[in-house]
Amino acid sequence: MAGKTLVIAQQKGGSGKTTLAAHLAVALAGKLRVAILDVDPQGSLGRWFEIREQRLGEDGAGLLMRTASGWGAKREARMLTRDYDIVLIDMPPRSDLEARNVIESADLVAVPVQPTPVDLWATQATLELVERGGPASVLVINRAPPRAQTTAQMLAKLKDLGVEALAARIGNRVAFGSTMGLGSTVMELFPGSKAAQEIEAVAAEMKRHLDVAAP
C-alpha cells in the first residue's frame, strides 16, 4: 500500500512552517517510516537535517531527507510513497503555480496559522490555492500567545474560512527555535515538556486525518 503525502503550506513567510515540518517529522517517525521533502529554496529544513546528521548519523535517527524543485517534487513524492508511510513536504512561501503542482499530489495539506489578522489574510490565499489543487486541508494554530482571549477571537474568525482547525495548538515557545538550531526537536531535548506534548498532540491528529497506523 502506498504511503500518504502531507504538505505543510503557508503563503506568508515566518509562519513557523519549517519548524512545524521538522517537529512533525520526528514525532511521526516514532512508529512510522517518514521521508522529508524540502521544496523551499531557502533550504532551512535541509540545513536542520544536516546538523542533525552530524549528531545522529546519516539517517538522522530514522528519517530520509530529499530536496526537489516545485516541478520535480510531485514525481519525487510519488516515488517516496512506495517505501515510506508518510512523505512530509515543506513548501516555500509566496508560491503559486509550482505549489499547486505539488499540492495536487497531497493527501492532506496542513496550514500553520498564527492568531493574527495578517496571518488570517495569508491563510485565505493559501486555502484558495489548496482548493484549486483539490486535497483536504486543516489549520494548525501555531505560536499561540498565552492570552486565551486573543486566540479565541482569531479562532472565531478562522471558522469563517470553512476549514477545520486542529484541536491541538502550539504555543509561542522559545524552545522550538533553540532546538531547531541544534538539529533537534523539543521532544528529544525537552521530553514531557508542554512544547513536546503540543507537538505530539498535533501529530496524533495528523495521523487520524491521514488514516495511517504503525505497521
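The structure presented is a predicted model; accordingly, all values stated were derived computationally and were not measured. (Residues numbered from 1 in each chain as written. Predicted model: local features only at pLDDT ≥ 70, side-chain atom pairs only at ≥ 80, totals over all residues. Heavy atoms only, no water.)

### Focus on the pattern of salt bridges
- As enumerated under the stated definition, the model contains seven salt bridges in all.
- Residue D40 pairs with K17 through a salt bridge whose shortest N-O separation is 3.5 Å. Taken together, the residues span a long stretch of sequence, with D40 in the loop between β2 (34-38) and α2 (44-56) and K17 in helix α1 (residues 17-28) at a distance of 23 residues. Of the two residues, D40 and K17, neither departs from the other in class, the shared state being buried.
- Put simply, D90 and K17 hold a salt bridge, and the shortest N to O gap is 2.8 Å. Of this pair, D90 sits in strand β4 (residues 86-90) while K17 sits in helix α1, and the two are 73 residues apart along the sequence. With respect to class, D90 is no different from K17; both count as buried.
- The network of salt bridges with shared partners includes K17, D40 and D90. (Salt bridge = Lys/Arg side-chain N within 4 Å of Asp/Glu carboxyl O. Helix = DSSP H or I, 4+ residues; strand = E, 2+ residues; numbered from the N terminus. Buried < 20%, exposed > 50% of the residue type's maximum accessible area, 1.4 Å probe, protein only.)

### As for the confidence of the model for the protein chain
- With 91% of its residues at a pLDDT of 70 or more, the protein chain has an overall mean of 85.
- Ranking the elements of the protein chain by mean pLDDT puts helix α6 (residues 148-158) last, at 70, and helix α8 (residues 186-189) first, at 96. (pLDDT = per-residue confidence, 0-100.)

### Let's talk about the sheet that holds β2
- Ordered by their spatial adjacency, six strands build an open sheet running β3-β2-β4-β1-β5-β6, and the pairing between neighbours is parallel. In this open sheet, the two edge strands, each paired with only one partner strand, are β3 (63-67) and β6 (136-141). Going across the sheet, the axis of each strand differs from the next one's by a mean of 20°, ignoring polarity.
- Pairing analysis gives five bridges linking β2 to β4, with the strands arranged parallel. In the sheet register, D38 faces β4, and the bridge partner there is D90.
- With respect to the sheet, α2 is in contact with β2, β3 and β4, its orientation differing from that of β3 by roughly 140°. (Pairing = 2+ DSSP bridges. Axes fitted to C-alpha atoms, helices over the stretch in contact; angles between N-to-C directions. Contact = heavy atoms within 4.5 Å.)

### Observations regarding the nonpolar core
- Within the largest apolar cluster, 38 residues are counted, with the highest numbers of intra-cluster contacts made by L6, L24, W48 and M206.
- Among residues more than four places away in sequence, those in contact with W48 are A22, V26, I36, L63, M180, G183, S184 and T185.
- A9, A35, A73 and A106 belong to the second-largest nonpolar core, a separate cluster that totals 30 residues. (Core = buried A, V, L, I, M, F, W, Y, C linked by side-chain atoms within 4.5 Å.)

### Here we look at the pairing of strand β1 (residues 4-8)
- Of all the five residues making up β1, four are buried; the element is thus mostly covered by neighbouring parts of the structure.
- Inspection of the sheet shows β1 paired to β4 by five bridges, in the parallel sense. Following the sheet pairing, V7 is matched in β4 by I89.
- Bridge analysis of β1 against strand β5 (residues 108-113) gives three bridges, and the strand direction is parallel. By the bridge assignment for β5, V7 is matched with V109.

### Some thoughts on the packing of aromatic side chains
- Here the structure, examined in full by the defined rule, presents one aromatic pair.
- Consider the rings of W48 and F49, whose centres lie 6.4 Å apart with planes at 50°: the pair is tilted. Of the two residues examined, W48 and F49, each falls in the buried class. (Phe/Tyr/Trp six-rings, centres within 6.5 Å; stacked < 30°, edge-to-face > 60°.)

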